[in-house]
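So you can see what is in the structure, the chains are spelled out below.
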Amino acid sequence: MRRSLALLAGVLLTGVFAVPASAADGDGAGDQGFTIKDPKITESSGLAASHLHPGIYWTHNDSDDGPYIYAVDSRTGKTVATVTLKGIGSPRDVEAISIGPGNEIYVGDIGDNLGGKWPYVWVYKLPEPKVLKDQTVTATQYVVKYANGPRNAESLLVHPKTGRVYIIDKNEDGGHLYEGPARLSSSGSNIFKPVAAIDLWATDAAFSPNGRQLAVRGYFGGIYYDWNGGKIKRRGRLDVPLQGQGESVSYSPDGTKLMYGSEGADSSVQAQDAPSGASSGKSSSSSGSSASGDGGGGGVGSGDGFKVGAVAVAAGALVLFGLRRLRRRG
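Here goes a summary of the coordinates provided. (Residues numbered from 1 in each chain as written. Predicted model: local features only at pLDDT ≥ 70, side-chain atom pairs only at ≥ 80, totals over all residues. Heavy atoms only, no water.)

## Re the overall build of the protein
Here is step 1 of the chain: Helices and strands together make up the secondary structure of the protein, namely two helices and 22 strands.
Here is step 2 of the chain: The 330 residues of the protein split such that 54% are buried. (Helix = DSSP H or I, 4+ residues; strand = E, 2+ residues; numbered from the N terminus. Buried < 20%, exposed > 50% of the residue type's maximum accessible area, 1.4 Å probe, protein only.)

## Quick notes on the pairing of strand β5 (residues 78-86)
Here is step 1 of the chain: Sheet analysis places strand β4 (residues 68-73) next to β5, joined by six bridges and oriented antiparallel. When the bridges of β5 are listed, valine 72 appears paired with threonine 79.
Here is step 2 of the chain: Joining the antiparallel neighbours β4 and β5 is a turn of four residues, in which glycine 77 adopts a positive phi near 80°.
Here is step 3 of the chain: For β5 and strand β9 (residues 135-138), the ladder comprises four bridges, and the chain directions are parallel. Counted as the bridge partner of lysine 86 is threonine 138 from β9. (Pairing = 2+ DSSP bridges.)

## Some remarks on the packing of aromatic side chains
Here is step 1 of the chain: Taken as a whole, this structure holds eight aromatic pairs when the rule is applied.
Here is step 2 of the chain: Residues tryptophan 201 and tyrosine 219 carry aromatic rings whose centres are separated by 5.4 Å and whose planes lie at 85° to one another, so their mutual orientation is edge-to-face. With tryptophan 201 in the loop between β14 (189-198) and β15 (202-207) and tyrosine 219 in the loop between β16 (213-218) and β17 (222-226), this pair connects stretches of sequence that are 18 residues apart.
Here is step 3 of the chain: In this structure an aromatic cluster arises from ring pairing among Tyr166, Phe207 and Trp227.
Here is step 4 of the chain: Directly above the aromatic system of tryptophan 118 lies the positively charged group of arginine 92, at a separation of 4.0 Å from the ring centroid.
Here is step 5 of the chain: The ring of tryptophan 122 is capped by arginine 92, whose NZ or CZ atom sits 4.6 Å from the centre of that ring. (Phe/Tyr/Trp six-rings, centres within 6.5 Å; stacked < 30°, edge-to-face > 60°. Lys NZ or Arg CZ within 6 Å of the ring centre and 35° of its normal.)

## Overview of the pairing of strand β8 (residues 121-127)
Here is step 1 of the chain: Counting buried positions over the seven residues of β8 gives five, a clear majority of the element.
Here is step 2 of the chain: Two strands pair when backbone bridges link them, and β8 and strand β10 (residues 140-146) are joined in this way by five bridges, in the antiparallel orientation. Each residue of the ladder has a partner; that of valine 123, found in β10, is tyrosine 142.

## Here's the deal with the sheet that holds β10
Here is step 1 of the chain: Read from one edge of the open sheet, eight strands run β6-β7-β8-β10-β14-β13-β12-β11, paired in mixed fashion. Two strands in the sheet have a free side with no partner beyond their single neighbour: β6 (96-100) and β11 (153-158). Taking the axes of each pair of neighbouring strands and ignoring which way they run, one obtains an average angle of 30° across the sheet.
Here is step 2 of the chain: Pairing of β11 with strand β12 (residues 165-169) involves five bridges; the strand directions are antiparallel. Counted as the bridge partner of leucine 157 is tyrosine 166 from β12. (Axes fitted to C-alpha atoms, helices over the stretch in contact; angles between N-to-C directions.)

## Comments concerning the environment of isoleucine 56
Here is step 1 of the chain: Along the chain, isoleucine 56 falls in strand β3 (residues 56-60).
Here is step 2 of the chain: For the pair isoleucine 56 and glycine 77, spaced 21 residues apart in the sequence, the C-alpha separation amounts to 9.4 Å.
Here is step 3 of the chain: Contact partners of isoleucine 56, with chain neighbours within four places excluded, come to Ala48, Ala49, Ser50, Ala71, Val72, Asp73, Val80 and Leu132. (Contact = heavy atoms within 4.5 Å.)

## Concerning unusual backbone geometry
Here is step 1 of the chain: In this model, aspartate 64 sits at a positive phi of 60°, which is unusual for a non-glycine residue.
Here is step 2 of the chain: Within the secondary structure, aspartate 64 is located in the loop between β3 and β4.
Here is step 3 of the chain: One non-glycine residue with positive phi stands out, namely asparagine 103, at about 60°.
Here is step 4 of the chain: Topologically, asparagine 103 is positioned in the loop between β6 and β7 (104-109).

## Brief notes about the sheet that holds strand β21 (residues 268-273)
Here is step 1 of the chain: What the four strands build is an open sheet, ordered β1-β21-β20-β19; its pairing is antiparallel. Each having just a single partner strand, β1 (34-35) and β19 (246-251) make up the two edges of the open sheet.

## Focus: the pattern of salt bridges
Here is step 1 of the chain: Summed over the entire model, instances satisfying the criterion amount to eight salt bridges.
Here is step 2 of the chain: Aspartate 169 is the salt-bridge partner of arginine 151, the closest N and O atoms lying 3.3 Å from each other. With arginine 151 in the loop between β10 and β11 and aspartate 169 in strand β12, this pair connects stretches of sequence that are 18 residues apart.
Here is step 3 of the chain: For aspartate 169, a relative accessible area of 3% gives the class buried.
Here is step 4 of the chain: In this structure, lysine 170 and glutamate 154 form a salt bridge, with 3.0 Å as the shortest nitrogen-oxygen distance. Separated by 16 residues along the polypeptide, lysine 170 in the loop between β12 and β13 (175-179) and glutamate 154 in strand β11 bring together distant segments of the chain. (Salt bridge = Lys/Arg side-chain N within 4 Å of Asp/Glu carboxyl O.)

## Side note on the side chain of glutamine 213
Here is step 1 of the chain: Here glutamine 213 is to be found in strand β16.
Here is step 2 of the chain: Judged by its relative accessible area of 2%, glutamine 213 falls in the buried class.
Here is step 3 of the chain: A distance of 2.8 Å separates polar atoms of two side chains, one belonging to glutamine 213 and the other to tyrosine 251.
Here is step 4 of the chain: Of note is the side chain of glutamine 213, whose polar atom sits 3.2 Å from the backbone oxygen of serine 276.
Here is step 5 of the chain: Filtering out sequence-adjacent residues up to four positions away, glutamine 213 remains in contact with Ala206, Phe207, Ser208, Tyr224, Tyr225, Trp227, Tyr251, Pro275, Ser276, Gly277 and Ala278. (Polar contact = N/O pair within 3.5 Å; in protein donor to acceptor, adjacent residues only side chain to side chain.)

Encoded structure:
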């Protein structure tokens, strides 16, 4: 997808903040941030931590690539497997990836370059390969429609306990969480219904491994919610690192980190501590340090090591003004 407005934001913000390639320190095996080094991955738009292979994160390109997903070793940044999806049509605008119960990978071909003109979009499901090697895997294709008409979206997530699929539409003034059927059907259309407002221009979202928390990111920040059985409750803001074009987010397998990805060649995936309550086991002693209350800012992670002053505020205002102008011209 061509997003001149997002790229404008990236150029300005990168110049002001000079965010380093890896924002988190630590000696963890791969969940401390990494750089995607595969020259074939230039538009990483989704990110999901493997359920079967420690240290592996699945990603994919945006549009103009093909039916491929890539297994990236976060310890080296190198691709260790390319999986070709068989049994589906030609992907149109792949924007998200998530892993549900039973180690099933869901790929969201849910973007809409026309701003909500396509009458339907697609979700693909395939088993996570048990062996990491280049291979072709048969996927199931699902047709998705929205109860209130077509829209653009970049966030697809699967609840780790129920397996239910959700989508968040992308809207500058805030979007909605859309709930799919209890089970997707490969025959006919799957109608997704809006169930809750999301106070963000969302580019990706993820469930915590324990299913109790929902993290939503955008270009300029993030919000986390208590899942609360689907009746989400806003808890606070996330310290999302400033990236050239922030497109993806995933919890680490143990739920102690949030991994934030971006588009571009040699794109970085930056780690921040996840809010408390997201851990798959006992809460990490450092959990909660990355999330601020609703009264705080959510634009820069505490690990970035840069202080934000008046210049940053002015740059942010300029970016937002430019984004609105560009968006309304399109």
